[in-house]
Amino acid sequence: AQKVDLAMEIKGSAETKRDLQPQLEKAIFIAAGESHSAAITEKLTLFTWGNGAFGRLGHNLDIDELIPKQVDDLSQEDVEYVSLGENHSIALSK
């Protein structure tokens, strides 16, 4: 397996470095399933992470996500509630 240095130096102007920084949002609601989790941000955006088997994360892939990832299929929705079970997730939007 090839090792990747995650602490690589970003070369470029301060503006370029700022543009590459993640835009963090405050979580206003968090839910936990048996092996996956979800958060709704103050902008009513849904993020999920954890065990991705059976499509339970909503990313259209059956792979695990180690860090929160936005659910793209709901990016145009204002997600107000999310509930997680053993092998499923459900989100409610306006």
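About the cut-offs
Counting starts from 1 at the beginning of each chain's written sequence and moves along it residue by residue. Given that this is a predicted model, residues contribute local features only at a pLDDT of at least 70 and side-chain atom pairs are listed and counted only at 80 or more, while totals for whole chains, interfaces and linings are drawn from all residues. Where side-chain values are given, they derive from all heavy atoms of the structure, hydrogens and water being excluded. We call a set of buried residues a nonpolar core when its members are Ala, Val, Leu, Ile, Met, Phe, Trp, Tyr or Cys and they connect through side-chain atoms within 4.5 Å of each other. Exposure classes here rest on a 1.4 Å probe applied to the protein chains alone. A residue is buried below 20% of its type maximum, exposed above 50%, and partly exposed in between. Only DSSP runs of H or I with at least four residues qualify as helices, and only runs of E with at least two residues qualify as strands; both kinds are numbered from the N terminus onward. Throughout, a residue-residue contact means that at least one pair of heavy atoms, one from each residue, lies within 4.5 Å. Here, strands pair whenever DSSP counts at least two bridges between them. Each residue carries a pLDDT value, the predictor's own confidence for that position, ranging from 0 to 100.

Caption draft 1: Here's a closer look at the nonpolar core. Counting 9 residues, the largest nonpolar core consists of A31, A38, I40, L44, L46, V71, V79, V82 and L84. Contributing elements (two or more residues each) for this core: strand 2 (36–41) and strand 5 (79–84). Not counting residues up to four positions away in its chain, the partners in contact with A38 are F29, I30, A31, L46, F47, T48, W49, V82 and L84.

Caption draft 2: Layout of the pairing of strand 6 (residues 89–93). Inspection of the sheet shows strand 5 paired to strand 6 by 5 bridges, in the antiparallel sense. In the sheet register, V79 faces strand 6, and the bridge partner there is S93. Between strand 5 and strand 6, which pair antiparallel and follow one another directly, the connecting turn spans 4 residues.

Caption draft 3: The confidence of the model for the protein chain, seen in detail. Considering every residue of the protein chain, the mean pLDDT works out to 83; 76% of them sit at 70 or more. The spread of mean pLDDT over the elements of the protein chain runs between helix 1 (residues 14–20), the lowest at 50, and strand 5, the highest at 97. A low-confidence stretch, residues 1–10 (pLDDT under 50), is modelled with 2 contacts involving residues beyond four sequence positions or located in other chains.

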